Amino acid sequence: MTYSTATAVITGIGAYLPDRVIKNDEIAERLGVSVDWIQDRTGIEQRFFLEPTGSTSDMAVEAGRKALESCGNPAIDFLILATCTPDHLFPATAPNVAARLGVPGIAAFDLNAACSGFIYGLSVGAGMLASGGYKTGLVIGSDAISTIINHDDKVTAPIFGDGAGAVVIRAGSPDEPGGLMAHTLGSDGNLLDIMKTPGGASRQRAAGVPSDPESSYFGMQGRLVYKYAVSRMTEASLSIMDRMGWGVDDVDWLVGHQANRRILVATAETIGIDPARAIINVDRVANTSAASIPLALVDAIHSGVPKTGDKVVLTAFGGGVTWAAAAMTWPEFGF
Amino acid sequence: MAQDTIVNPALEKVRVIIRENFSEVEGDITPLDRLSADLGIDSLSLVDILFKVEKEFGVAIDDSDIEKIESVQDILDLVA
């Protein structure tokens with residue numbers, strides 16, 4: 001979809017990372033591998049894990065609060081929480097987050113598109129704003145993947161971290177800095193099994209199989225995830241660039257889902273964008289699922305390098321499988 | 001005739017692709033070499049290698065095969 005009139009304009013942003021920093025040596029010792037083994041394969045140096053008393057909603061509240069504060073605490077009339085690790089299987093986590101942010105009563109719902117969730121949420125939010133029925137919203141990506149991985153699994157244990165990121169969006173024009181200009185969303189349920197937490201929900205319960213720790217762990221077929229992550233993010237990005245009339249030299253920044261440094265570099269190279277223009281912070285925070293793109297945006301803001309109005313392509317790939325890309329310009333933040 | 005002296009164009013191409021995508025491989029590369037255990041190739045590098053194999057040989061490798069590939073011979077079987 002390309003926005004010609006009303007769309008979402010990002011006006012505020014916030015991030016939250018738990019206090020518990022997990023360096024590679026801690027993971028390496030448990031897995032019986034070297035620190036270099038993790039570093040070379042993933043580009044990740046550390047990740048943040050929730051404390052045992054923490055939750056996805058706790059991180060979402062903190063990120064949401066910071067995003068609202070960053071733009072003067074505007075009134076919001078909806079909240080979208082992108083997550084695949086909700087506090088509970090039922091009910092949704094978003095209403096609790098909204099209540100704790102002091103805005104009970106607004107529209108609030110969870111959106112599960114796994115690692116693509118933030119772009120999905122931003123796109124759905126843009127549609128709500130474009131409808132004219134809403135004025136300002138909060139889109140949060142928050143995931144506690146540490147709670148669903150087997151910490152003895154070499155495939156998944158080194159890759160993931162916990163965190164949350166949030167943006168405030170208001171109705172505005174796609175020509176404004178921070179305006180969402182176009183998006184594309186996709187999915188392919190034929191690839192359901194390449195990333196999956198098999199147990200703990202209705203399919204297992206309907207079969208009368210008791211929930212067990214093994215079935216509640218997240219599993220991943222790494223080779224296929226790499227293959228499809230690169231191809232789908234590349235295709236989605238090229239599609240959105242074509243729609244915008246942007247060539248590879250027109251894109252100032254590629255903000256991809258921070259799955260793995262090598263996936264990000266391979267995606268940039270396959271698109272034809274200089275990897276130096278790919279924003280990468282996976283080394284510092286690991287793969288934080290739905291939180292990864294807003295966390296990358298916040299780190300880029302702290303770097304001071306992107307300028308208001310720069311052309312940005314966001315892209316992501318996640319379980320489902322799902323993928324997404326969006327075109328926007330770098331926002332004008334008032335901080 | 002010893003196996004090593006038989007010219008196998010497919011093996012030669014696969015050797016070149018492996019070395020181009022995983023420069024850490026030392027010594028000869030034989031069909032019996034296991035990609036991870038013997039050559040030390042990690043899973044993502046293996047996928048890069050398979051992308052190049054698909055292009056070089058004009059074949060499409062099924063997803064079900066990608067997860068099963070363990071040796072150089074497995075790759076040769078897919079392009080035969």
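You'll find the structure just up there.
These remarks concern the structure in this document. (Residues numbered from 1 in each chain as written. Chains lettered and ligands numbered in written order. Predicted model: local features only at pLDDT ≥ 70, side-chain atom pairs only at ≥ 80, totals over all residues. Heavy atoms only, no water.)

### Some thoughts on the pairing of strand β8 (residues 180-187) of chain A
Residues and elements named next belong to chain A. Counting buried positions along β8 gives six out of eight residues, so the element sits mostly inside the fold. Two strands pair when backbone bridges link them, and β8 and strand β13 (residues 322-329) are joined in this way by seven bridges, in the antiparallel orientation. Residue pairing across strands places Leu185 opposite Ala324, the latter belonging to β13. (Buried < 20%, exposed > 50% of the residue type's maximum accessible area, 1.4 Å probe, protein only. Helix = DSSP H or I, 4+ residues; strand = E, 2+ residues; numbered from the N terminus. Pairing = 2+ DSSP bridges.)

### Description of the interface of chain A and chain B
Opposite the 11 residues of chain A that make contact, chain B presents 15 residues. In total, chain A and chain B occlude about 1,200 Å² of area from one another, counting both sides; carbon and sulfur atoms represent 56% of this. Between the two partners, chain A and chain B, sit two salt bridges. The partner of Arg262(A) in a salt bridge is Asp42(B), and the shortest N-O contact between them spans 3.0 Å. Our count for the chain A to chain B interface comes out at nine residue pairs in polar contact (both at pLDDT 80 or more). Grouping the constituent residues of the side of chain A that touches chain B by class yields four nonpolar, three polar and four charged. (Contact = heavy atoms within 4.5 Å. Buried area = accessible area lost by both parts, 1.4 Å probe. Salt bridge = Lys/Arg side-chain N within 4 Å of Asp/Glu carboxyl O. Polar contact = N/O pair within 3.5 Å; in protein donor to acceptor, adjacent residues only side chain to side chain. Nonpolar A, V, L, I, M, F, W, Y, C, P; charged D, E, K, R; others polar.)

### Points about the state of the cysteines
On inspection of all chains with the given rule, the structure shows zero disulfides over all chains. Left without a disulfide partner, Cys115(A) is nearest to the cysteine sulfur of Cys84(A), which lies 6.2 Å away. (Disulfide = S-S within 2.5 Å.)

### Some words on the nonpolar core
In globular proteins that are soluble, nonpolar side chains generally tend to be buried together. Core analysis: the largest hydrophobic core is formed by 66 residues, its most contacted members being Phe317(A), Ile18(B), Leu35(B), Ile41(B) and Val72(B). When residues in this core are grouped by element, the largest group, 11 residues, is from helix α7 (residues 222-244) of chain A. Each of domain 1 (7-172) and domain 2 (180-329) of chain A contributes no fewer than three residues to this core. Setting aside chain neighbours within four positions, we find Ile18(B) in contact with Val25(B), Ile29(B), Leu35(B), Ile41(B), Ile49(B) and Val72(B). Within the second largest apolar cluster, 41 residues are counted, among which are Ala8(A), Phe78(A), Ile119(A) and Val139(A). (Core = buried A, V, L, I, M, F, W, Y, C linked by side-chain atoms within 4.5 Å. Domains from an automatic or database assignment.)

### Describing helix α3 (residues 56-70) of chain A
Residue and element names in this part refer to chain A. Between its first and last C-alpha atoms α3 spans 21 Å; for 15 residues at 1.5 Å apiece the expected length is 21 Å, and the two agree. Among all positions of α3, only Thr56, Ser57, Met59, Ala60, Val61, Ala63, Gly64, Ala67, Leu68 and Ser70 are buried. Buried residues along α3 sit against β1 (7-16), β4 (78-82), α4 (94-100), β6 (136-144) and β7 (162-172). Just past α3, the residue Gly72 takes up positive phi, approximately 80 degrees. (Expected span 1.5 Å × (residues − 1).)

### As for the sheet that holds β13(A)
All names here are of chain A. What the four strands build is an open sheet, ordered β8-β13-β12-β11; its pairing is mixed. On the outer flanks of this sheet lie β8 and β11 (253-256), each paired with one strand and no other. Sheet twist, expressed as the mean angle between neighbouring strand axes with direction ignored, is 10 degrees. Taken together, the four bridges between β11 and strand β12 (residues 311-318) define a ladder with parallel strand orientation. (Axes fitted to C-alpha atoms, helices over the stretch in contact; angles between N-to-C directions.)

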